[in-house]
Number of protein chains: 2
Amino acid sequence: MKPVKVGICGLGTVGSGSFNILLKNAEEITRRVGRSIVIEQVGARRGNDACDTTGINVTRDIFDVVNNPEIDIVLELIGGTSVAKELVMTALENGKHVVTANKALIAEHGNEIFAKAQEKGVIVAFEAAVAGGIPIIKAVREGLSANRIDWLAGIINGTGNFILTEMSEKQRNFDDVLAEAQALGYAEADPTFDVEGIDAAHKLTILASIAFGIPLQFEKTYTEGISRVTAEDVAFADELGYAVKHLGIARRTKLGIELRVHPTLIARKHLLASVNGVMNAIMVQGDAVGPTLTYGAGAGALPTGSSVVADVIDVARTLTADPTNRVPHLAFQADALSDVEVLPVEEIECGFFLNMTIQDRAGVLANITQILSNNGISIESLIQREREGSELVPLVVMTHEVKERNMNAAIAAIEALPDVAGSVQRIRVENLA
Amino acid sequence: MKPVKVGICGLGTVGSGSFNILLKNAEEITRRVGRSIVIEQVGARRGNDACDTTGINVTRDIFDVVNNPEIDIVLELIGGTSVAKELVMTALENGKHVVTANKALIAEHGNEIFAKAQEKGVIVAFEAAVAGGIPIIKAVREGLSANRIDWLAGIINGTGNFILTEMSEKQRNFDDVLAEAQALGYAEADPTFDVEGIDAAHKLTILASIAFGIPLQFEKTYTEGISRVTAEDVAFADELGYAVKHLGIARRTKLGIELRVHPTLIARKHLLASVNGVMNAIMVQGDAVGPTLTYGAGAGALPTGSSVVADVIDVARTLTADPTNRVPHLAFQADALSDVEVLPVEEIECGFFLNMTIQDRAGVLANITQILSNNGISIESLIQREREGSELVPLVVMTHEVKERNMNAAIAAIEALPDVAGSVQRIRVENLA
């Protein structure tokens, strides 16, 4: 068979990684695919050194790539959502298959992009958009296709996991670790996307759609970052036998779909609690398979490039397949997506870890436990500490499962007590079993 | 599109699981595939209760199923290697696609079966043959297809892992736990396949072929079971910070391929050490992605059925694809398999944990360490214990990496010492990093 011709748009981290894998593993890839995959053209502000030695055509205008009639598959690796969207839509309009690592683009504009791809009979592959090198899209969409997926939960932002791991292992503060993460290149100069959960919400949006067969609904994902988690929270959680992890959770319930990203306490013995540093892992619970977990590098040039190139190979194999009989973009046929409601966060039930500062005075604890009880909240465990030379002491309460709405009412009432100083910190608790 | 018609041969554990999933999740499956998948006929000694209520045709002769002209895909779920092989070969001869959960059949006769499938332009899918519900075949063959796989290591026998977990957590003996595993239905009346590593060797053989692109070579797999591991070994390993796990390991080295199943010490902090009970997990190291791990149920009706039905869905999607452009059976094109040598175990290097009983007498330790040194073996750690009222004491030695050939020579010399009682227990040590 004749070679498959690829055009790469963007030679940043992921673009360079994909470029280097396609060159380095060219022989192994040909052994697998039965035809070679060649880089026909690169569109980038600057070339990769290997472009010179290999004589690959480099253009400064990325739109040259999507308009190049020789190219079968366009790799959109420029990031962002404006130019990237125009680039992808033009590629699709030109009848080209697209492979992208762009989680924001898929989460925010995927419905429109997939509709266009379907209209043109081409594929948009996006394994690299979620959890870097972990083939989780393939696992959920194909490997577990016999299942009705009940829920999934993942550590899907390496920066956040690095920060929480350091806070836990070395009793460091958030700001301190964030500064180190920036110095190490794990976090951007503007860390908002990572630490405020937006990046994780993009990935969760995609995972939920392929798990449940629902349209992409990024705007309905409840998103809370880790920037308010304190070293004290982490230490108290540890004392109670829990790790604090930043999780994306999607769950199918009788009332609707839960779609939420937030710091979460999980038991130390849970496998996800052992996923440390910049690594990612996703747990998926299917009705037939039970619990599964997939672990690996969630970012980086070569791991993310691994997923980009795997997608290229997949697309190469479907070039000669019936377009109506492919794996659908969102795992379910486009006309079979369901419009199950995404639940507002107030309707979600989980356990809570509350951390507050109170006056060390008779009756305060009684008032607080009375408020919890009035709101139907039962206590699982409680830590109250003396603090040398201070009348303000920490109080930590772990509750059983309760609807967020009730917890909101209880927290408002607790914060209104004269003997409670400042606001009540809340971190949700999940057992994931 | 018209329905895909499936014939199920065998209604044991996996057959019933697959049958029940196809019925229960029929609607979800149709939403995914865009056409329904129906059970046209079942071949089994006895029916499933649901056969009666659903009116599915049940035959006592499984060969009726492979000769039924209505059937597109045959599910071989009878197990064993003689009738199963004849059944599969007949199905292929009749131009039918086959899905099987039969690890022994694939590991021992896969080369011949795949050649026939290729000749007839049909698929033999075998996700369920390795690690039950974990989609590890798909992960290695497709999800990590951009990589040159360096090595893989897995806990791929749930019975063995259950036994070792109980031995570790409750300081129990092998025989005692085996009896419980048999009572619980985790182990067969004849536990040889599980505890002597044959089942794991079948699975490792398959994994190694799809990882490295080599023919199936079950007969060259070094296979050692867990029946000689003692509670004392496990306790000493724990004291040194290690867990004892029964691993299948396949590694590509400059000298050839390592292919081996044996009890293995791995560091307690390693993710594989946290995989307990009947669960399975496989770690795969690719040159681009780095380390990955996939975890899930390695056996059972519904988890294994999950993989069988996922394969059925995959085959349904390729029914209208170009047969020359599919994912190859062994991940690499049949004419591109490489004949890299499988190394004899004597050529393999790893660390060793040695447990022996010696006379508590001056000079014995000096003799032993001298023998190790003479064979180029350096010691990493050592435990020697007093034993109340006995002149025989245990000696445990952990060594750095050394070729098995040298270790054999050292152990023979140590066992020949008059002050060493009985034989020296050896368990290999891996860092898997």
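Residues numbered from 1 in each chain as written. Chains lettered and ligands numbered in written order. Predicted model: local features only at pLDDT ≥ 70, side-chain atom pairs only at ≥ 80, totals over all residues. Heavy atoms only, no water.

## Some points on the overall build of chain A
- The number of helices and strands found in chain A is 15 helices and 17 strands.
- Seen through its C-alpha atoms, chain A measures out along the principal axes to roughly 80 × 45 × 35 Å.
- Across the 433 residues of chain A, 61% fall into the buried class.
- In chain A, of all internal contacts separated by at least 6 residues, the share reaching a separation of at least 24 is 72%.
- Of the roughly 15800 Å² of accessible surface on chain A, 49% is carried by carbon and sulfur atoms.
- Counting 38 positive and 55 negative side-chain charges, chain A places the averaged centre of each group 5 Å from the other. (Helix = DSSP H or I, 4+ residues; strand = E, 2+ residues; numbered from the N terminus. Buried < 20%, exposed > 50% of the residue type's maximum accessible area, 1.4 Å probe, protein only. Contact = heavy atoms within 4.5 Å. Areas by Shrake-Rupley, 256 points an atom, 1.4 Å probe, with all protein chains shown as cover. Lys, Arg positive; Asp, Glu negative; His and termini not counted. Charge placed at Lys NZ, Arg CZ, Asp CG, Glu CD.)

## Quick word on the pairing of strand β7 (residues 149-155) of chain B
Residues and elements named next belong to chain B.
- Burial within β7 is extensive, with six of its seven residues counted as buried.
- Note: β7 against strand β11 (residues 279-286), six bridges, orientation antiparallel. Within the sheet, the bridge partner assigned to W151 lies in β11 and is Q285.
- Relative to strand β9 (residues 242-252), β7 runs antiparallel, the two being bridged by four bridges. Bridge pairing links W151 to R251 in β9. (Pairing = 2+ DSSP bridges.)

## Remarks on the UniProt feature "binding site: L-homoserine" (unreviewed entry) in chain A
All names here are of chain A.
- UniProt feature "binding site: L-homoserine" (unreviewed entry): in the numbering of this structure it lies at E188.
- Within the secondary structure, E188 sits in the loop between α9 (174-184) and α10 (192-195).
- For E188, a relative accessible area of 54% corresponds to the exposed category.
- Beyond its immediate stretch of four places on either side in the chain, E188 contacts Q182 and D194. (UniProt positions renumbered as here; feature names shortened; annotations may be inferred.)

## A few points about the packing of helix α2 (residues 26-33) of chain B against helix α13 (residues 301-318) of chain B
Residue and element names in this part refer to chain B.
- In the contact formed by α2 and α13, the axes pass within 11 Å of each other and the chain directions differ by 35°. Seen from above, α2 lies across α13 with right-handed handedness. Residues I29, R32 and V33 of α2 lie in contact with α13, whose contacting residues are V309, I313, A316 and R317.
- A class-by-class count of the residues in the contact of α2 with α13 yields five nonpolar, no polar and two charged. (Axes fitted to C-alpha atoms, helices over the stretch in contact; angles between N-to-C directions. Left-handed = near helix turned anticlockwise from the far one by under 90°. Nonpolar A, V, L, I, M, F, W, Y, C, P; charged D, E, K, R; others polar.)

## So, a negative patch on the surface
- Taken together, the side chains of D360, E386, E388 and E391 of chain A make up a negatively charged region of the molecular surface.
- Counting through the fold element by element, E391 of chain A comes out in the loop between β14 (379-384) and β15 (392-399). (Patch = residues over 30% accessible without salt bridge, like charges linked within 9 Å, V, L, I, M, F, W, Y side chains within 5 Å. Salt bridge = Lys/Arg side-chain N within 4 Å of Asp/Glu carboxyl O.)

## So, the UniProt feature "domain: ACT" (unreviewed entry) in chain A
- UniProt tags residues 353-429 of chain A as "domain: ACT" (unreviewed entry).
- With 30% helix and 43% strand, residues 353-429 of chain A has its two end C-alpha atoms placed 7 Å apart.

## Description of empty space enclosed by the protein
- Counted under the stated rule, the structure contains three cavities of 30 Å³ or more.
- Lining of the largest cavity is provided by 18 residues; of these, P135, A139 and T294 of chain A together with A139 and T294 of chain B occupy positions nearest its centre.
- Secondary-structure elements contributing two or more residues to the lining of the largest cavity are α7 (136-143) and β12 (290-297) of chain A together with α7 (136-143) and β12 (290-297) of chain B.
- Across the lining of the largest cavity, the residue classes tally to twelve nonpolar, four polar and two charged. (1 Å grid on protein atoms, 1.4 Å probe; cavity = no way out; pocket = protein on both sides within 12 Å on 5 of 7 lines; lining within 4 Å. Points joined across faces, edges and corners; volume = space filled by probe spheres on them.)

## Overview of the sheet that holds strand β2 (residues 37-43) of chain B
Residue and element names in this part refer to chain B.
- Read from one edge of the open sheet, six strands run β3-β2-β1-β4-β5-β6, paired in parallel fashion. Two strands lie at the open edges of the sheet, namely β3 (57-59) and β6 (124-125), each paired on one side alone.
- Pairing geometry for strand β4 (residues 73-76) and strand β5 (residues 97-100), over four bridges, is parallel. Bridging across to β5, L75 finds its partner in V99.
- In the packing of helix α5 (residues 83-93) onto the sheet, contacts are made with β1 (4-9), β4, β5 and β6, and the angle to β4 comes to roughly 175°.

## Quick word on the pattern of salt bridges
- All told, the structure shown has 63 salt bridges over all chains when counted by the stated rule.
- Residue R228 of chain A pairs with E224 of chain A through a salt bridge whose shortest N-O separation is 3.8 Å.
- A relative accessible area of 52% places R228 of chain A in the exposed class.
- Look at E224 of chain A and you get buried, because its relative accessible area is 13%.
- Of the charged contacts in the structure, one is a salt bridge between D314 of chain B and K138 of chain B, with a shortest N-O distance of 2.7 Å. With D314 of chain B in helix α13 and K138 of chain B in helix α7, this residue pair connects regions lying 176 residues apart in the sequence.
- Residues joined in a network through salt bridges with shared partners are K138, E142 and D314 of chain A together with K138, E142 and D314 of chain B.

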